[in-house]
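The residues making up each chain are set out below.
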Amino acid sequence: MTSIANPIPAIGLGTFGRAGDAGMASILAAFEIGYRHIDTAQSYNTEGLVGEAFRRSGLPRGQVFITTKVADTKLDKASFMPSVEKSLEALGLDHVDLLLIHWPSQNNAVPFEDYMTELKRAQDLGHTRFIGVSNFPIALLEQTRTLLGEGAIVTNQVEIHPYLQAPRLSNYARSNGLPLTAYQPLAQGNVRSDPVLSSIAERHGVTPAAIALAFLMGEGHAVIPASSNAVNLRENMRSVGVRLSDDEIEQIRALSRGERRINPAKSPRWDD
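Here is a short report on the structure shown in this document. Keep in mind that what you see is a predicted model, and the values were worked out from it rather than measured.

**A closer look at the packing of aromatic side chains**
Summed over all chains, the structure comprises five aromatic pairs. Summarising the aromatic geometry, the rings of F16 and Y44 are spaced 5.2 Å apart at their centres and angled 70° between planes, so their arrangement reads as edge-to-face. One end of the pair, F16, is in the loop between β1 (13-14) and α1 (20-33); the other, Y44, is in the loop between β2 (37-39) and α2 (47-57), and 28 residues separate them in sequence. Residue classification places Y44 among the buried positions, given a relative accessible area of 19%. A centroid spacing of 6.2 Å and a plane angle of 65° characterise the contact between W103 and W270, whose relative ring orientation is edge-to-face. Linking W103 in the loop between β4 (96-101) and α4 (112-124) with W270 in the segment after α10 (246-253), this pair joins segments that are 167 residues apart in sequence. Owing to a relative accessible area of 21%, W270 belongs among the partly exposed residues under this scheme. Counting every residue linked through ring pairs, the aromatic cluster contains F112, Y115 and F136. Sitting over the face of the ring of W270, R260 holds its NZ or CZ atom 4.0 Å from the ring centroid.

Here it is as structure tokens:
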């Protein structure tokens, strides 16, 4: 489920909102089912949970791809690297596989060059294998390419689901060989009751959520759905084996309507 061009496993587990014993159980269930890509962030307060679940799983370090993100409150030069070191301490790891900028600095309060060069320095120091960004519009991706060079980052993690397919951003990313990682790929669960997805799901013998995930992966995106339910975790993983017809793909593409769910005040100007 990875390639040289895209080192990120195609399907992973999001951990926003996971906490306590229930959160631990869901992550351990995901490992048992076969998930090998776990996404966390400083602002989720799940790094410690992810690290502990990984240790309990008994899986070799090289088999699990772990992503975390630097919070927008830690982007200044004085805070950036100490925050990364604190994340590694919470995870109980000497490095993560992927380190992202969670949100660009609002109104450039922290100069773009400052935090992006710190991100590259974290990689140079061995704190992370790969670097990337999250919630970056095309303009900031262009700045990133100018500053760090072609191919320096391996993904831009953004909200993408059947109702927000972000065609401008997706086409830009595809033309520049930059895979996107889709968060909220199930539109906060709304895909489960969608009649188009339900009809396609019935033909394939899977859930509408699995169809949504299969579609997004077919578009070249990695996906990180979150769930605490072992049945849903297993059904979501079945998306990996789904192959949609051209007609089915076109039906799902027609669902796109720019329906954004995550849009805090600190958001950049979106492209879609």
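**Section: unusual backbone geometry**
Here N108, not a glycine, exhibits a phi torsion of approximately 55°, which is positive. Of note, N108 is situated in the loop between β4 and α4. One non-glycine residue, Q184, lies in the positive phi region at around 50°. With respect to the helices and strands, the residue Q184 is situated in the loop between β7 (180-183) and α7 (195-204). Among the residues examined, Q184 registers a relative accessible area of 24% and is labelled partly exposed.

The rules behind each value
- Residues numbered from 1 in each chain as written.
- Predicted model: local features only at pLDDT ≥ 70, side-chain atom pairs only at ≥ 80, totals over all residues.
- Heavy atoms only, no water.
- Phe/Tyr/Trp six-rings, centres within 6.5 Å; stacked < 30°, edge-to-face > 60°.
- Helix = DSSP H or I, 4+ residues; strand = E, 2+ residues; numbered from the N terminus.
- Buried < 20%, exposed > 50% of the residue type's maximum accessible area, 1.4 Å probe, protein only.
- Lys NZ or Arg CZ within 6 Å of the ring centre and 35° of its normal.

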